[in-house]
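# Structure assessment
Here is how the chains run, residue by residue.
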Amino acid sequence: MAPTVDEVLAGKYPAKAHARKVAAYLREQGLQTDGVIYLESQKTKLQEDNDTDQPFRQRRYFFYLSGCLLPDSLLTYHISSDKLTLYIPPLDPESVIWSGLPVSPEEALEAYDVDQVLVTTEINPALAHLGTQVGKDGTVFSIQGQISDETSLVPFPKTDVKAVKTAIEECRVVKDAYEVALIRKANDVTAKAHIAVYKAAKTATNERELAAAFIGTCIAHGCPQMAYPPIVASGTSSATLHYVHNDQSLYDPATKDRKLNLLLDAAGEYRTYAADVTRSVPLSGTFSPESRSIYDLVLQMQLESLAMIKEGVLWEDVHTTAHRVAIKGLLKLGILKGSEEELLQKRVSVAFFPHGLGHYLGMDTHDTGGHANYEDKDSMFKALRVRGTLPAGSVITVEPGVYFCRFIIQPYLDSPELSQYINKDVLEKYWSVGGVRIEDNIHVTKDGYENLTTAPKSLDEIELLANGS
């Protein structure tokens, strides 16, 4: 019987395995001598004009090789001896009065997957010793801009401030079982928070109430940090991809009628690992006929995209499939005119689906290793955050959408060439829908995928919850 998420997470974050993985990557890229990886955690910083600490967010490169969420910490990994050492701040009697006792080296050794724990005041003698161990051709690997002035890397013959950053970014793409469990946990909490919003949507009067319901539920279930600022977009604001206001009335100011839909793109973060989930909800409890038809279309886009996912699939092909499904659906609704192939070649569907199908997910919401090409001249591909084939073990979002954004669509309507493909009379009925996006977090496997997202997404489930059931 497979272990549960909580059983997996009861163990230590696999920092040592990650250090070995990074070292192996460096060797594959040409490292033939010995070396030491030196990384620093995020520093404690005070808010400007205030004596209170800024909200703390651990550096992801440091966390990947330590599993440590303590600020002002350091690590070294000696490649040839396979020794991972964590350095934590020493006890400061003055701070104990205000903040209590810090983590001790003994407690840190018990908590983290490292070989040794020292205090940060010992770092320069430790680096001097490691400098003698690596030999005359040895290298210290660190990250540009993340080396404190008081740290001395002089004992090492060579310093490389680029290679290890790239190595960690590439290694982070393929997740181990512990990392997948962290993302699954973030998704489970996120699902609870989404459901809280669906249930509150019918009686709420302002986006603020729904944002508060989401954030409060995440905090209550162990995700005090959001993976990204929540998008709580009502009415036509849902056609804005990264809407940020979250403070508008759920009633149309002109007509005083309740807006049609809410687009909720929001997720919690669990021990630095993110979920990223989007759903669309009817504010009245029931989708309008136009909203229902677009929701059905976007769900079909997602389902046909998911059916393709497995190790080695070309992400551009999956993205193209989503566009083909969008074109078929918009033709059926009468919004588009012409042949499917011609509409694809003219990139008319980009007017309604202007973003990429998804991105890698991990410690960052838009995680590393995607090799995007934002200079691509092809409008259908330039927004893709991931290019190339998907490896087994990667986690990627699949988030198709259809949007009725006047700013994006108007240039197509104004174009003598492209306007012939859009039926303006039919389009007029859909502006109030705003935008619909459905987003899940997908773990790629050798023969298929696992969907890590548990938030409800069938149209009937959404409506049932939006009616308070």
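If you're wondering where the values come from, they're calculated on a predicted model, not measured in any experiment. (Residues numbered from 1 in each chain as written. Predicted model: local features only at pLDDT ≥ 70, side-chain atom pairs only at ≥ 80, totals over all residues. Heavy atoms only, no water.)

## Focus: helix α6 (residues 123-133)
Heads up, the condition is: Relative accessibility thresholds used throughout: buried, under 20% of the residue-type maximum; exposed, over 50%; partly exposed, between the two (1.4 Å probe, protein chains only). Secondary structure counts use DSSP, requiring at least four H or I residues in a row for a helix and at least two E residues in a row for a strand, with both numbered from the N terminus. The reported arc concerns the directions from the helix axis to the C-beta atoms and nothing else. Two residues qualify as a contact provided that any one of their heavy atoms is within 4.5 Å of a heavy atom in the partner residue.
Among all positions in α6, only Ile123, Ala126, Leu127, Leu130 and Gly131 are buried. Seen end-on, α6 carries its buried residues on one side only, within an arc spanning 140 degrees. Facing away from the buried side of α6, by more than 90 degrees, are the exposed residues Pro125 and Thr132. Against the buried residues of α6 lie β1 (35-40), β2 (74-78), β3 (83-88) and β4 (116-119). Just past α6, the residue Gly135 takes up positive phi, approximately 85 degrees.

## Comments concerning helix α10 (residues 289-306)
Defined as follows: What a helix is expected to span follows from its residue count: subtract one and scale by 1.5 Å.
The end-to-end C-alpha separation of α10 is 26 Å, in line with the 26 Å expected for 18 residues at 1.5 Å each. All buried positions along α10 are accounted for by Ser291, Ser293, Ile294, Tyr295, Leu297, Val298, Leu299, Met301, Gln302, Ser305 and Leu306.

## Observations concerning the nonpolar core
The cut-off we apply is this: What makes a nonpolar core is a set of buried Ala, Val, Leu, Ile, Met, Phe, Trp, Tyr and Cys residues whose side-chain atoms join them at distances within 4.5 Å. For each domain, the first and last residues come from an automatic or database assignment.
Grouped together as the largest cluster of nonpolar side chains are 131 residues, with contacts concentrated most on Val22, Trp315, Phe352 and Phe404. In terms of residues, this core owes the most to one element, helix α8 (residues 177-201), which gives 12 residues. Taken domain by domain, the makeup of this core includes at least three residues from each of domain 1 (5-172) and domain 2 (177-467). Setting aside residues up to four positions removed in sequence, Val22 forms contacts with Ile37, Tyr64, Leu65, Val164, Ala167, Ile168 and Cys171. Core analysis: the next-biggest nonpolar cluster, separate from the first, contains 13 residues, Tyr38, Tyr87, Ile123 and Leu130 among them.

## Focus: the domain arrangement of the chain
Note the cut-off: What counts as buried area is the accessible surface, traced by a 1.4 Å probe, that two parts surrender upon association, with contributions from both included.
Taken domain by domain, the chain consists of domain 1 (5-172) and domain 2 (177-467). Between the C-alpha centres of domain 1 and domain 2 there is a distance of 37 Å. In this complex, domain 1 contributes 17 residues to the contact, which on the side of domain 2 involves 18 residues. Summing both sides of the interface, domain 1 and domain 2 together bury roughly 1,600 Å²; the carbon and sulfur share of this comes to 58%. Broken down residue by residue, the surface that domain 1 buries against domain 2 is led by Leu9, Arg60 and Arg172, which jointly contribute 38%.

## Considerations on the side chain of Thr368
Relative to the helices and strands, Thr368 resides in the loop between α12 (340-345) and β13 (395-398). Residue contacts for Thr368: discarding those within four places in its chain leaves Glu169, Arg172, Val173 and Tyr360.

## Quick notes on the layout of surface pockets
Note the threshold: Here a cavity denotes grid points, spaced 1 Å and computed from the protein atoms alone, that fit a 1.4 Å probe unable to get out, and a pocket denotes an open set having protein on both sides within 12 Å along at least 5 of 7 lines; residues with an atom within 4 Å of a point are the lining. Grid points are joined across faces, edges and corners, and a volume is the space filled by probe spheres set on the points. All amino acids are sorted into three groups, where Ala, Val, Leu, Ile, Met, Phe, Trp, Tyr, Cys and Pro are nonpolar, Asp, Glu, Lys and Arg are charged, and the leftover types, Gly among them, are polar.
The volume enclosed by the largest pocket comes to roughly 660 Å³. Every residue lining the largest pocket is counted, 23 residues in all, and those nearest its centre are Thr44, Asp53, Pro71, Asp72 and Pro89. With 3 residues, helix α4 (residues 93-99) is the largest single contributor of residues to the lining of the largest pocket. When the residues that make up the lining of the largest pocket are grouped by side-chain class, the tally is 11 nonpolar, 6 polar and 6 charged. If you add up the space inside the second largest pocket, you get close to 390 Å³. In this structure, the second largest pocket is lined by 22 residues; those nearest its centre are Leu241, His242, His366, Arg385 and Glu399. Here the residues of the lining of the second largest pocket sort into 9 nonpolar, 7 polar and 6 charged.

## A few points about the sheet that holds strand β6 (residues 158-160)
Using the following cut-off: By this definition, two strands are paired if DSSP reports at least two bridges between them. Here the axes come from fitting lines to C-alpha atoms, over the contacting stretch only for helices, and the angles between their N-to-C directions go from 0 to 180 degrees.
An order of β4-β3-β2-β1-β5-β6 is seen for the 6 strands of this open sheet, with the pairing classed as mixed. At either margin of the open sheet sits one strand with a lone partner, and together these are β4 and β6. Strand-to-strand twist across the sheet, computed as the mean angle between neighbouring axes with direction ignored, equals 20 degrees. In the sheet, β1 pairs with β2 via 5 bridges, with the strands oriented antiparallel. Within β2, the residue paired with Val36 across the bridge is His78.

## Structural notes on the packing of aromatic side chains
For the record, the criterion: Stacked, tilted and edge-to-face are the three classes assigned to paired rings of Phe, Tyr and Trp, where Trp is represented by its six-membered ring and a pair needs centres within 6.5 Å; plane angles under 30 degrees give stacked, over 60 edge-to-face, the rest tilted. A ring has a charge above it when a Lys NZ or an Arg CZ is no more than 6 Å from the ring centre and no more than 35 degrees off the ring normal.
Under the counting rule described, the total for this entry stands at 6 aromatic pairs. A ring pair is formed by Phe287 and Tyr295, whose centres lie 5.2 Å apart and whose planes are at 40 degrees; its orientation type is tilted. Ring geometry for Phe404 and Tyr430: centres 5.6 Å apart, planes at 25 degrees, overall stacked. One end of the pair, Phe404, is in the loop between β14 (401-403) and α13 (406-414); the other, Tyr430, is in the loop between α14 (424-427) and β15 (435-437), with 26 residues separating them in the sequence. Three or more aromatic residues joined by ring pairs make a cluster, and in this case those are Tyr13, Phe63, Tyr178 and Tyr273. Over the ring of Tyr270 we find Lys185; its NZ or CZ atom is 5.9 Å from the centre of that ring. The residue whose ring lies beneath Arg258 is Tyr251, and the NZ or CZ to ring-centre distance is 5.1 Å.

## As for the environment of Tyr421
Selection rule: In the analysis that follows, any N or O atom pair within 3.5 Å is treated as a polar contact, provided that within protein one partner can donate a hydrogen and the other can accept it, and provided that, for residues neighboring in sequence, both atoms belong to side chains.
As for its position among the elements, Tyr421 is in the loop between α13 and α14. C-alpha of Tyr421 to C-alpha of Leu343: the two residues are 78 residues apart in sequence and 7.4 Å apart in space. Leaving out residues up to four positions away in the same chain, Tyr421 has contacts with Ile335, Leu336, Lys337, Glu342, Leu343, Lys346 and Val348. A distance of 2.6 Å separates polar atoms of two side chains, one belonging to Tyr421 and the other to Glu342.

## Structural notes on the pattern of salt bridges
Put simply, the rule is: What counts as a salt bridge is simple: a side-chain nitrogen of Lys or Arg found within 4 Å of a carboxyl oxygen of Asp or Glu.
Evaluated as defined, the whole model comprises 24 salt bridges. One salt bridge connects Arg20 with Asp82, and the closest N-O pair in it is separated by 2.6 Å. With a gap of 62 residues between them, Arg20 in helix α2 (residues 15-28) and Asp82 in the loop between β2 and β3 connect regions that are remote in the sequence. In this structure Arg20 comes out as partly exposed when scored by relative accessible area, which is 44%. The closest approach of N and O atoms between Asp364 and Arg172, which form a salt bridge, is 3.0 Å. You can see Asp364 sitting in the loop between α12 and β13 and its partner Arg172 sitting in the loop between α7 (163-171) and α8, a full 192 residues away along the chain. Per residue, the accessibility class of Asp364 equals that of Arg172, and both read buried. Residues participating in the shared-partner salt-bridge network are Arg57, Arg172, Lys175, Asp364 and Asp367.

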